[in-house]
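Next come the chains, spelled out residue by residue.
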There are 2 protein chains.
Amino acid sequence: MSHSCEVSKGYWSIQPIGYITSPYKQKFGVARQPGLVPAALAYIDLSKEFTTDCVRGLEDYEYIWVQFIFHATVKEGWQPLIRPPKLGGKEKKGIFATRSPHRPNHLGLSLVKLERIECNKHVRIHISGVDFLDQTPVIDIKPYIPFVEAKPHARCGFAREHEQLRVYWSPEALQQVRLFSLDTKHYDLINQSLAHDPRPAHQYKSNKIFVVNLFDWDVLFRVIDNIVEITGIREHIET
Amino acid sequence: MSHSCEVSKGYWSIQPIGYITSPYKQKFGVARQPGLVPAALAYIDLSKEFTTDCVRGLEDYEYIWVQFIFHATVKEGWQPLIRPPKLGGKEKKGIFATRSPHRPNHLGLSLVKLERIECNKHVRIHISGVDFLDQTPVIDIKPYIPFVEAKPHARCGFAREHEQLRVYWSPEALQQVRLFSLDTKHYDLINQSLAHDPRPAHQYKSNKIFVVNLFDWDVLFRVIDNIVEITGIREHIET
């Protein structure tokens, strides 16, 4: 199988090599960059034609590149100009100067930590620090090569790390953590996800209650004076 | 235009956003990784639908990611196991543990230095340290974000920087440099390209004459005791 053929002049056909299972079930609340939420664990199930041979030696690497399709934004098309949330939604940048999913070809690229590789009926690659929506199609995996790809002092535009917010759990929310038997894995993911403030830029001044869906739960929160207050947790119901 | 649509279940259609003009006219002699040959200058001409707006703010970044198609290896298909040249061609690694072009979907990813952006009739992005074959189709461009993507101490497998060879120009070759009026740009590219030893691993013990095509010239060289000797330069004739 070619897995990349020129369909007609200038069009290429791409077939996913596998799909991701991720705790992020909807766009709102997904980490804005890979690595920001180390507790975001996911795995890639490779299609069965990609056997154990295909990943031989990959475990020697600490980080891997995942190339994927932003499948949830394909229908929305692309835009030449984007208002990056980092800039408070006030300034416009060109699509190729951002990592926005609303881009031509809807191609994504994330550096994630390789946790372990399971080789049973098919190959399952466990990764962490992900920013993938559940069911994301993966189109390539490559090892991270630090001597080529680590440029810690590279000049960059507005894309600097922002300050994390402090997360406070209300007594009601803590009670619900016990009620639903959430474990450390869930607790850490909620804390780390909310510390990065998932609210859209135009809502920064609002202190209304937001709802973020993580795993099978809805987490209710509001932000007051740079503190995220988790006001409650409830089971997520598909709408 | 959607620039990424699901053609039929599980297949995605990708359209190049532009094409690269590079000094590397054939596979033999292309830098093995981006960044190894800073003198390898190239440019990307974006299709005319991608206007100046699309690159607004990109000039604030020092490095950019170029996602592309390994168009020259598509017909050769892909292989689960690869013999990386770094390992002398003796050991096999899984395709996803290497950056080989013989991969499913034939997707490439290179970090290159952004030199400048020209905005005339269309957008032309000048880059350096490239490892692209001439006429490579580009499918996305993204800014390099050091706080997310620079992991200088990441554990990696066999992919370490190798020692560069010393390049020696024979008197005949130096005479031809003058004869063909090669300038510093050409001279640097030849030096830097050959210092990384483009020979295939199974030829490491051979001291036969190799020919590498750079720009419009054929460069003849051999390697003896870790020294590259350039034996001559001649005009390249298309075969």
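Each chain has its residues counted from 1, running along the sequence as written. Chain letters and ligand numbers both follow the written order, the letters beginning at A and the numbers at 1. Only residues with pLDDT of at least 70 get local features here, since the model is predicted, and only at 80 or more are side-chain atom pairs given and counted; chain-wide, interface and lining totals rely on the full set of residues. Working from all heavy atoms in the structure, the side-chain values ignore hydrogens and water.

Caption draft 1: View of the overall build of chain A. A helix here means a DSSP run of H or I that spans at least four residues, while a strand means a run of E at least two residues long, and both kinds are numbered starting from the N terminus. Looking only at helices and strands, chain A has three helices and 14 strands in total. Residues classed as buried in chain A amount to 56% of the 239 residues present. We call a residue buried when its accessible area falls under 20% of the maximum for its residue type, exposed when it is over 50%, and partly exposed in between, using a 1.4 Å probe and counting protein chains only.

Caption draft 2: Inspection of the UniProt feature "domain: TsaA-like" (unreviewed entry) in chain A at higher detail. UniProt positions are given in the numbering used here, feature names are shortened, and annotations may be inferred rather than shown by experiment. Residues annotated by UniProt as "domain: TsaA-like" (unreviewed entry) correspond here to residues 14-153 of chain A. Secondary structure across residues 14-153 of chain A divides into 3% helix and 34% strand, with the first and last C-alpha atoms of the span separated by 34 Å.

Caption draft 3: Spatial organisation of the interface of chain B and chain A. Note on contacts: a residue pair qualifies if any of its non-hydrogen atoms lie within 4.5 Å across the two residues. Taken together, the contact pairs 80 residues of chain B with 80 residues of chain A. With both sides pooled, the region where chain B packs onto chain A buries about 7,600 Å², and carbon together with sulfur makes up 61% of that total. Should a side-chain nitrogen of Lys or Arg be within 4 Å of a carboxyl oxygen of Asp or Glu, the pair is scored as a salt bridge. At the surface where chain B touches chain A, the tally comes to six salt bridges. Put simply, B:Asp140 and A:Arg103 hold a salt bridge, and the shortest N to O gap is 2.7 Å. Looking at the side of chain B that touches chain A, the elements with two or more residues in it are β2 (11-14), β5 (63-69), β7 (93-94), β8 (107-119), β10 (137-143) and α1 (146-149) of chain B. Of the residues forming the side of chain B that touches chain A, the biggest block, six residues, is contributed by β10(B). Accessible-area loss on putting two parts together, using a 1.4 Å probe and summing over both, is the definition of buried area adopted here.

Caption draft 4: Region of the structure containing the nonpolar core. Within the largest apolar cluster, 56 residues are counted, with the highest numbers of intra-cluster contacts made by B:Leu46, B:Ile125 and B:Ile141. Those residues within four positions of B:Ile125 in sequence are excluded, and the remaining contacts are B:Ala42, B:Tyr43, B:Ile44, B:Leu46, B:Val55, B:Leu58, B:Ile64, B:Leu114, B:Arg116, B:Ile117 and B:Ile141. Counting 55 residues, the second largest nonpolar core, distinct from the first, contains A:Ala42, A:Val112, A:Val130 and B:Ala97. For this analysis, a nonpolar core means a set of buried residues of the types Ala, Val, Leu, Ile, Met, Phe, Trp, Tyr and Cys, connected via side-chain atoms within 4.5 Å.

Caption draft 5: Spotlight on the sheet that holds β8(B). Residues and elements named next belong to chain B. By this definition, two strands are paired if DSSP reports at least two bridges between them. As summarised here, the arrangement of the six strands in space is β3-β4-β9-β8-β5-β10, forming a closed barrel in which the pairing is antiparallel. Pairs of neighbouring strands in the sheet enclose a mean axial angle of 45 degrees, with direction left out of account. Pairing of β8 with strand β9 (residues 123-128) involves six bridges; the strand directions are antiparallel. Each bridged residue has a counterpart across the sheet, and for leucine 114 the counterpart in β9 is isoleucine 127. Lines fitted to C-alpha atoms define the axes here, with helix axes fitted over just the stretch in contact, and angles between the N-to-C directions of these axes take values from 0 to 180 degrees.

Caption draft 6: Just the relation of the copies chain B and chain A, in detail. The atoms used to superpose the copies are C-alpha atoms, taken from residues with pLDDT of at least 70 in both, and the fit is least squares. Rotating chain B by 180 degrees and translating it 0.0 Å along the rotation axis places it on chain A, where the RMSD comes to 0.0 Å. Both copies are brought into coincidence by an operation consistent with a two-fold rotation axis. If distances are taken from each C-alpha of chain B to the rotation axis, the shortest is found for B:Ala150, at 2.0 Å. A symmetric contact is evident, with 100% of the interface residues of chain B recurring at the interface of chain A.

Caption draft 7: Structural view of the pattern of salt bridges. Evaluation of the coordinates by the stated rule reveals 25 salt bridges over all chains. Put simply, A:Arg199 and A:Asp197 hold a salt bridge, and the shortest N to O gap is 2.9 Å. Exposure class is identical for A:Arg199 and A:Asp197. Each is buried. Here the salt bridges share partners, and the residues they tie into one network are A:Asp60, B:Glu91 and B:Lys93.

Caption draft 8: Molecular detail of the environment of B:Phe215. In this fold, B:Phe215 is placed in the loop between β12 (210-214) and β13 (217-224). Ignoring any residue separated from it by four or fewer positions in sequence, one finds B:Phe215 in contact with B:Pro23, B:Lys25, B:Lys185, B:His186 and B:Leu189.

Caption draft 9: Spatial organisation of the side chain of A:Ser170. Residue and element names in this part refer to chain A. Mapped onto the secondary structure, serine 170 falls in the loop between β11 (166-169) and α2 (171-179). For serine 170, a relative accessible area of 3% translates into the label buried. Once residues lying within four places of it in the same chain are set aside, the contact partners of serine 170 are Glu229, Ile230 and Thr231.

Caption draft 10: View of the pairing of strand β12 (residues 210-214) of chain A. Residues and elements named next belong to chain A. Within β12, four of the five residues are buried, leaving the element largely enclosed by the surrounding structure. The pairing of β12 with strand β13 (residues 217-224) spans five bridges and is antiparallel. Within β13, the residue paired with valine 211 across the bridge is leucine 220. The turn joining β12 and β13, which pair antiparallel and follow one another in sequence, is formed by two residues; a positive phi near 50 degrees is taken by phenylalanine 215.

Caption draft 11: A look at the sheet that holds strand β14 (residues 227-235) of chain B. All names here are of chain B. A sheet is described by the order of its strands in space; here four strands give the open sequence β11-β14-β13-β12, paired in mixed fashion. Every interior strand has two partners, whereas the edge strands, β11 (166-169) and β12, have only one. Strand-to-strand twist of the sheet, defined as the mean angle between neighbouring strand axes without regard to direction, takes the value 35 degrees. Relative to β14, β13 is paired through eight bridges, and the arrangement is antiparallel.

Caption draft 12: Summary view of unusual backbone geometry. Residue and element names in this part refer to chain A. Residue aspartate 197 is not a glycine yet carries a positive backbone phi of 55 degrees. For aspartate 225, which is not glycine, the phi dihedral falls at a positive 50 degrees. Mapped onto the secondary structure, aspartate 225 falls in the loop between β13 and β14 (227-235).

Caption draft 13: Fine view of the packing of aromatic side chains. Each Phe, Tyr or Trp ring, with Trp reduced to its six-membered ring, pairs with another whose centre is within 6.5 Å; inter-plane angles below 30 degrees give stacked pairs, above 60 give edge-to-face pairs, and intermediate values give tilted ones. In total, this model carries 21 aromatic pairs over all chains according to the counting rule given. Centre to centre, the rings of A:Phe68 and A:Phe70 are 4.9 Å apart; their planes meet at 70 degrees, and the pair counts as edge-to-face. With respect to burial, A:Phe68 and A:Phe70 carry one shared label: buried. What links up through ring pairs into an aromatic cluster is the set A:Tyr63, A:Trp65, A:Tyr144, B:Tyr63, B:Trp65 and B:Tyr144. Put simply, a charge is over a ring when the Lys NZ or the Arg CZ is close to the ring centre, within 6 Å, and near the line of the ring normal, within 35 degrees. Stacked on the ring of A:Phe210, the Lys or Arg A:Lys208 has its end atom at 5.1 Å from the ring centre.

Caption draft 14: Structural context of the pairing of strand β10 (residues 137-143) of chain A. All names here are of chain A. Here β10 lies mainly inside the structure; seven of its seven residues are buried. By the bridge criterion, five bridges tie strand β5 (residues 63-69) to β10 in an arrangement that is antiparallel. In the strand pairing of β10, valine 66 is matched with isoleucine 141.

Caption draft 15: View of the domain arrangement of chain A. Residue and element names in this part refer to chain A. Each domain's extent was defined by an automatic or database domain assignment. Domain boundaries assigned for chain A yield domain 1 (5-149) and domain 2 (166-235). A C-alpha centroid distance of 25 Å is found between domain 1 and domain 2. Taken together, the 16 residues of domain 1 in the interface contact 19 residues of domain 2. Both faces combined, the contact of domain 1 with domain 2 buries some 1,400 Å², and carbon together with sulfur accounts for 63% of it. Across the domain 1-domain 2 interface, the total number found is zero salt bridges. The definition of a polar contact used here is a pair of N or O atoms within 3.5 Å, where within protein one atom must be able to donate a hydrogen and the other to accept one, and adjacent residues in sequence count solely through side-chain atom pairs. Across the contact surface, domain 1 and domain 2 share seven residue pairs in polar contact (both at pLDDT 80 or more). Residues that form the side of domain 1 that touches domain 2 fall into these classes: 10 nonpolar, four polar and two charged. The residue classification treats Ala, Val, Leu, Ile, Met, Phe, Trp, Tyr, Cys and Pro as nonpolar and Asp, Glu, Lys and Arg as charged. All others, Gly included, are polar.

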